[in-house]
Amino acid sequence: MNMTSLLDACQNPANALLAASLSLVIGLSTDVAADEDVLHWRMNSLLYPKLFGEAGEHFAEGVRRRTNGSFIIEVHDRLVLDQDSFGALNSGLIDAVWGSAGHHHREDAALAIFSGFPFGPDPEGFTAWMRDGGGTEVLDRIYAKHDLKGHYCGALPIEGGGWFRAPVEHLKNLNGLRMRSFGYGARTLMKLGVITYELPATDIRPAMATGLIDAAEFSLPSIDADLGLSEVARHLYQPGWQQPATALEILMPLKSWLALSAGHKAAIKSACDETLSWTLAAVPKQQERTILQFRKEGVELHDWPEEVLAALRKAWEEVITEETKHNPMLAEAWNSYRLFQDRHGAPPLQGYAE
């Protein structure tokens, strides 16, 4: 039935119901056709909602804006866990993951270094290595083994060095200390006798409040404040030697990336660039405000004793030497960074101004 016939039918009360039904069908068909032109992705965020997760929302909005709404990325907070991400991507349960490469260290240990690492570069230096120093090329080869594709989308500033219930005045104070830590930082602390626990964010405060642990390092000062860590430990050490920068990325199946139109690929790359600029510019200012608030609340901010910092650096060199001996891809990534460092140097570790 064409549109003229439909109008004629409306003039006959007996056909009114039929006409209304046909109108609904035509409207629905139009909506479905329009919706079919929109690409919808479900992106699982593995990161703490504040700042980390906000960067994912920022990125998704950038893609939507650049494609005039033809590419919608819905961000879901921890829809699947870190260790389930590769399987969820390859099965099609989710379309993308927002996080950091180190979240996937269980699937491939070489990925841990691409989140940031002890005594590594600051966010600008890490970005330079990834963009111009060969880091991305190595990461691409690692992900290709898993039929995945990642894009570097952000870099967050140096973390706090850790919250302690009592001051760390000498190296011996670390021996036997029970501390929440993660990844390479935890491996390094263990070399100095620290007993480490990989607790999730929401478990850290109660563990410290009840005395189950003596210290904790988790994230940026503003996120530590959000978790209430300054309420149960009054000594914050700087700088965050264990994580001078934290890299952010979007990860997707390689086949999904190859299937995207040129316009949608360009939107992802452009939104990543813009999100990177946002993280480099906006996030450090928030940390400086938080540090000032800590001081007003009576938190004692300490610089690491030189003896402790030197021992931590030596312990990290032992850890990375051990790890690269039996992991060729990690060795390739580490050699890539060292070559970059030789050319450009490494900035000194700096905490936040009080």
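What you see is a predicted model; the values in this text were computed from it and never measured.

**Q** Can you help me understand the packing of helix 6 (residues 135-144) against helix 13 (residues 328-344) in this one?
**A** The geometry of a pair of packed helices is captured by two quantities: the angle between their axes and the separation between those axes. For the pair helix 6 and helix 13, the least separation of the axes is 9 Å and the interaxial angle reads 170 degrees. Relative to helix 13, the element helix 6 lies roughly antiparallel. On helix 13, the residues touching Gly 135, Val 138, Arg 141 and Ile 142 of helix 6 are Met 329, Glu 332, Ala 333 and Ser 336. Of the residues that constitute the contact of helix 6 with helix 13, the class distribution is four nonpolar, two polar and two charged.

**Q** Explain the sheet that holds strand 1 (residues 39-45) here, please?
**A** Pairing between the strands of a sheet comes from backbone hydrogen bonds, and it takes one of two forms, parallel or antiparallel. Here we have five strands laid out as an open sheet, ordered 2-1-3-10-4, and mixed in their pairing. Among the strands making up the open sheet, the edge pair consists of strand 2 (71-77) and strand 4 (148-156). Averaged over all neighbouring strand pairs, the angle between strand axes comes to 25 degrees, with direction disregarded. Alignment of strand 1 against strand 2, held across seven bridges, turns out to be parallel. By the bridge assignment for strand 2, Trp 41 is matched with Ile 73. Sitting on the sheet, helix 3 (residues 49-66) touches strand 1, strand 2, strand 3 (96-99), strand 4 and strand 10 (246-253), and the angle it makes with strand 2 is about 165 degrees. Its contacts with the sheet place helix 5 (residues 123-132) against strand 4 and strand 10, and it is angled at close to 155 degrees to strand 4.

**Q** Looking at this structure, I do not really get the state of the cysteines. What am I missing?
**A** What is meant by a disulfide is a covalent connection between two cysteines, made through their sulfur atoms. As enumerated under the stated definition, the model contains one disulfide in all. Note on cysteine connectivity: Cys 153 is disulfide-linked to Cys 272, with sulfurs 1.9 Å apart. Taken as a pair, Cys 153 in strand 4 and Cys 272 in helix 11 (residues 262-296) lie far apart in primary sequence, 119 residues in all. In this structure, Cys 153 and Cys 272 share a single accessibility class: buried.

Criteria and cut-off values
- Residues numbered from 1 in each chain as written.
- Predicted model: local features only at pLDDT ≥ 70, side-chain atom pairs only at ≥ 80, totals over all residues.
- Heavy atoms only, no water.
- Axes fitted to C-alpha atoms, helices over the stretch in contact; angles between N-to-C directions.
- Helix = DSSP H or I, 4+ residues; strand = E, 2+ residues; numbered from the N terminus.
- Parallel < 35°, antiparallel > 145°, perpendicular 65-115°, else oblique.
- Contact = heavy atoms within 4.5 Å.
- Nonpolar A, V, L, I, M, F, W, Y, C, P; charged D, E, K, R; others polar.
- Pairing = 2+ DSSP bridges.
- Disulfide = S-S within 2.5 Å.
- Buried < 20%, exposed > 50% of the residue type's maximum accessible area, 1.4 Å probe, protein only.

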